[in-house]
Amino acid sequence: MNETGHHVRLTVNGVVREATVPGRRLLSDCLRHDLGLTGTHVGCEHGVCGACTVLLDGEPVRSCLTFAVTVDGHEITTVEGLARDGELSPVQRAFTECHALQCGFCTPGFLCTVTAFLRDNPAPTEEEALKAVAGNLCRCTGYQNILKAVHRAAEIQAEEDR
């Protein structure tokens, strides 16, 4: 730590990034304000809604509950890092195809959550898919199309893996 804060070095979406942050700076604020990655949304600021979900070393975490200094040296994937070579990820494509978003505020958190879920469970049942997204809140869609998108993303991934 220096007089202005703690130096953190993270790999964000495959790029090494550095920032000097106060000890109590949340990862969500570091991503948005210090690194200019505004795709991560902050909803409830209590870890309840899931809008701020990012992947920390591949696992979903609530960035509004995570101090930036605790992720020094780790790998973060935000919604901006899900696409590859300008192509939407299977999860992003499925959300688009299935109209699984309306206002879009919750979408980045859902996309990160579903990406990690399908990596670990590439052929989920309806119950498993429902349980996977239960920690993310959406006030617009009613979840039917989100669940359709989870299954569609699994299909797209399976097709790409052939």
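About the cut-offs
- Residues numbered from 1 in each chain as written.
- Predicted model: local features only at pLDDT ≥ 70, side-chain atom pairs only at ≥ 80, totals over all residues.
- Heavy atoms only, no water.
- Buried < 20%, exposed > 50% of the residue type's maximum accessible area, 1.4 Å probe, protein only.
- Helix = DSSP H or I, 4+ residues; strand = E, 2+ residues; numbered from the N terminus.
- Contact = heavy atoms within 4.5 Å.
- Disulfide = S-S within 2.5 Å.
- Polar contact = N/O pair within 3.5 Å; in protein donor to acceptor, adjacent residues only side chain to side chain.
- 1 Å grid on protein atoms, 1.4 Å probe; cavity = no way out; pocket = protein on both sides within 12 Å on 5 of 7 lines; lining within 4 Å.
- Points joined across faces, edges and corners; volume = space filled by probe spheres on them.
- Nonpolar A, V, L, I, M, F, W, Y, C, P; charged D, E, K, R; others polar.
- Domains from an automatic or database assignment.
- Salt bridge = Lys/Arg side-chain N within 4 Å of Asp/Glu carboxyl O.
- Pairing = 2+ DSSP bridges.

A.B. asks: How should helix H1 (residues 27-34) be read in this particular structure?
C.D. replies: Two residues of an α-helix separated by three or four positions point the same way, owing to the 3.6 residues in each turn. Buried within H1 we find Leu 27, Ser 28, Cys 30 and Leu 31. Its buried side turned inward, H1 meets strand E1 (6-12), strand E2 (15-21), strand E3 (53-56) and strand E5 (75-77). Looking one or two residues beyond H1, the residue adopting positive phi is Gly 36, at roughly 75 degrees.

A.B. asks: It is not clear to me how the state of the cysteines should be interpreted in this structure. Could you clarify?
C.D. replies: Formally, a disulfide is one covalent bond, and it connects the sulfur atom of one cysteine to the sulfur atom of another. Applying the stated criterion across every chain yields a total of 0 disulfides. The thiol sulfur of Cys 44 is not disulfide-bonded, and the nearest other cysteine sulfur, from Cys 49, lies at 3.8 Å. With no disulfide of its own, Cys 112 has Cys 52 as its nearest cysteine by sulfur position, at a separation of 10 Å.

A.B. asks: What is the right way to look at the side chain of Gln 92 in this model?
C.D. replies: Examined against the element boundaries, Gln 92 turns out to sit in helix H2 (residues 90-97). In this structure the side chain of Gln 92 is engaged in a polar contact, spanning 2.8 Å, whose partner is the backbone nitrogen of Ser 89. Among residues more than four places away in sequence, those in contact with Gln 92 are Val 79, Leu 82, Ala 83 and Leu 111.

A.B. asks: Sorry, what's going on with the layout of surface pockets here?
C.D. replies: Any empty space left between atoms is shown by rolling a water-sized probe over those atoms. The calculated volume of the largest pocket comes to roughly 220 Å³. Residue lining of the largest pocket: 15 residues in total, with Leu 55, Leu 82, Arg 84, Thr 115 and Arg 119 positioned closest to the centre. When the residues that make up the lining of the largest pocket are grouped by side-chain class, the tally is 5 nonpolar, 6 polar and 4 charged. Both domains that furnish three or more residues to the lining of the largest pocket are identified here as domain 1 (5-81) and domain 2 (90-161). Gly 43, Cys 44, Cys 49, Ala 51, Cys 103, Phe 105, Cys 106, Leu 137, Cys 138, Arg 139 and Cys 140 together form the lining of the second largest pocket. Split into classes, the residues belonging to the lining of the second largest pocket amount to 9 nonpolar, 1 polar and 1 charged.

A.B. asks: Could you clarify how one ought to interpret the pattern of salt bridges in this entry?
C.D. replies: Charged atoms that come close allow side chains of opposite charge to pair. In the structure shown here, the tally under the stated rule is 8 salt bridges. Linking Asp 34 and Arg 25 is a salt bridge whose minimum nitrogen-to-oxygen distance equals 2.8 Å. For Arg 25, a relative accessible area of 25% puts it in the partly exposed group. The shortest N-O distance in the salt bridge between Arg 93 and Glu 160 comes to 2.8 Å. With Arg 93 in helix H2 and Glu 160 in helix H5 (residues 144-161), this residue pair connects regions lying 67 residues apart in the sequence. Overall, the relative accessible area of 27% leaves Arg 93 in the partly exposed class.

A.B. asks: I'm lost on the pairing of strand E4 (residues 59-62) in this one. Help?
C.D. replies: Along any regular strand the residues' side chains alternate between the sheet's two faces. Here E3 runs beside E4; their pairing, made up of 4 bridges, is antiparallel. Looking at the pairing, Leu 56 lines up with Glu 59 of E4. Linking E3 to E4, which pair antiparallel, is a turn of 2 residues; within it Asp 57 sits at a positive phi near 50 degrees.

These figures come from the coordinates and say nothing about function on their own.
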